[in-house]
Amino acid sequence: MVDDEAPILEAVSYSLRKAGYRVSVAMNAEAAMRAFREQNPDLIVLDVMLPSASGFQICKSIRATSDVPIILLTARAEEQDKVTGLELGADDYVTKPFSVRELIARISAVLRRRASTAVAATIRAGEIEVDEARHEARVEGRQLELSPKEFALLAFLAKNPGLVFSRQALLDRVWGTDAFVDERTVDVHVRWLRSKIENDPADPKRILTVRGVGYKFGAGAG
């Protein structure tokens, strides 16, 4: 939970622990990002108004590498703030002042939705298996060591075998439309992925280049 108001942190974290959750707290953006990287949380409760960086900025940074559920806390009820948060990838929002009971109910609901979608989250394409719920990928039974973006790119392509995507389309789908990266980023990640999933990266059979267009997950993925 990330909030710069100590009384709120103390009250909410106490109630969450009583409800059976393990809770870590942070009071600024730096501590929040450090905790996110080190602890790999199941869900983040994130205040929008923070010193040094807004909750919107933190949400955007986290979404660049992770799909962890995020609930935003906002002291403002303006519709645009809520829309902005949802567009940046937040799963829900709660307006201050709020009841702890409501927040716990929303946390429970978001986690239930995540669990229900995880049931059918294993993608199989030839000898490639991608388990989105566990964030694991295998080729011919061998587990792969992938960065978050490599994993996301592989999962997206494996979900859409045979379909051709331009570099810009892959940037929009995997990195997000507001990401500050160029199309060469896609080429680099494809090259890294090929080095890990292809028997011969110089003669790829799984991620194929469609000259002048982009990339596709090939029918020869098996």
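Conventions and cut-offs
Residues numbered from 1 in each chain as written. Predicted model: local features only at pLDDT ≥ 70, side-chain atom pairs only at ≥ 80, totals over all residues. Heavy atoms only, no water. Helix = DSSP H or I, 4+ residues; strand = E, 2+ residues; numbered from the N terminus. Buried < 20%, exposed > 50% of the residue type's maximum accessible area, 1.4 Å probe, protein only. Pairing = 2+ DSSP bridges. 1 Å grid on protein atoms, 1.4 Å probe; cavity = no way out; pocket = protein on both sides within 12 Å on 5 of 7 lines; lining within 4 Å. Points joined across faces, edges and corners; volume = space filled by probe spheres on them. Nonpolar A, V, L, I, M, F, W, Y, C, P; charged D, E, K, R; others polar. Contact = heavy atoms within 4.5 Å. Axes fitted to C-alpha atoms, helices over the stretch in contact; angles between N-to-C directions. pLDDT = per-residue confidence, 0-100. Core = buried A, V, L, I, M, F, W, Y, C linked by side-chain atoms within 4.5 Å.

## Observations regarding the overall build of the chain
Then step 1. Of regular secondary structure, the chain possesses 8 helices and 10 strands.
Then step 2. C-alpha extents for the chain along the principal axes are approximately 60 × 35 × 25 Å.

## Considering the pairing of strand S3 (residues 92–95)
Then step 1. Along S3, the buried face is formed by Asp-92 and Val-94; none of Tyr-93 and Thr-95, which line the opposite face, is buried.
Then step 2. Where strand S2 (residues 70–74) meets S3, 4 bridges bridge the pair, whose relative direction is parallel. What sits directly across from Thr-74, in S3, is Thr-95.

## Examining empty space enclosed by the protein
Then step 1. For the coordinates displayed, the defined rule picks out 1 cavity of 30 Å³ or more.
Then step 2. Of the volumes computed, that of the largest cavity is approximately 40 Å³.
Then step 3. Residue assignment for the lining of the largest cavity shows that the elements contributing at least two residues are S2 and helix H4 (79–87).
Then step 4. The leading source of residues in the lining of the largest cavity is H4, at 3 residues.
Then step 5. Looking at side-chain class alone, the lining of the largest cavity contains 4 nonpolar, 2 polar and 2 charged residues.

## As for the sheet that holds strand S6 (residues 136–139)
Then step 1. With antiparallel pairing, the 4 strands of this open sheet are ordered in space as S4-S5-S6-S7. Of all strands in the sheet, those with a lone pairing partner are strand S4 (122–125) and strand S7 (142–143), marking the two edges.
Then step 2. As judged from the 4 bridges shared by strand S5 (residues 128–131) and S6, these two strands associate in the antiparallel manner. Each residue of the ladder has a partner; that of Glu-129, found in S6, is Arg-138.
Then step 3. Relative to the sheet, helix H6 (residues 148–159) contacts S4, S5 and S6, its axis offset from that of S5 by approximately 115°.

## A short note on the confidence of the model for the chain
Then step 1. On average, residues of the chain score 87 in pLDDT, and 92% of them are at 70 or above.
Then step 2. Highest mean pLDDT in the chain belongs to strand S9 (residues 207–210) (96); lowest belongs to H4 (75).

## Side note on the sheet that holds S2
Then step 1. One open sheet accounts for 3 strands, arranged S1-S2-S3; its pairing is parallel. Either end of the sheet is taken by a strand with one partner, and the two such strands are strand S1 (44–47) and S3. Across this sheet, the average inter-strand angle for adjacent strands is 25°, counted without regard to direction.
Then step 2. Relative to S2, S1 is paired through 4 bridges, and the arrangement is parallel. Note on S2: the bridge partner recorded for Val-45 is Ile-71.

## Focus: the environment of Ile-104
Then step 1. Mapped onto the elements of the fold, Ile-104 is located in helix H5 (residues 100–118).
Then step 2. When the C-alpha atoms of Ile-104 and Tyr-21 are compared, they prove to be 9.9 Å apart, with 83 residues separating the residues in sequence.
Then step 3. Setting aside its immediate chain neighbours within four residues, Ile-104 contacts Ser-15, Leu-16 and Ala-19.

## Some points on the layout of surface pockets
Then step 1. The space that makes up the second largest pocket amounts to roughly 590 Å³.
Then step 2. Lining of the second largest pocket is provided by 25 residues; of these, Arg-22, Ser-24, Pro-41, Asp-42 and Leu-43 occupy positions nearest its centre.
Then step 3. Listed by contribution, the elements that provide at least two residues to the lining of the second largest pocket are helix H2 (29–39), S1, helix H3 (55–63) and H5.
Then step 4. Element by element, the count of residues in the lining of the second largest pocket is highest for H2, at 4 residues.

## A word on the nonpolar core
Then step 1. Core analysis: the largest hydrophobic core is formed by 27 residues, its most contacted members being Val-130, Leu-153, Leu-154, Leu-170, Ile-207 and Phe-217.
Then step 2. The greatest single-element share of this core, amounting to 7 residues, is contributed by H6.
Then step 3. Look past the residues within four positions of Leu-153 in its chain and what remains in contact with it is Leu-170, Val-174, Trp-175, His-189, Val-190 and Leu-193.

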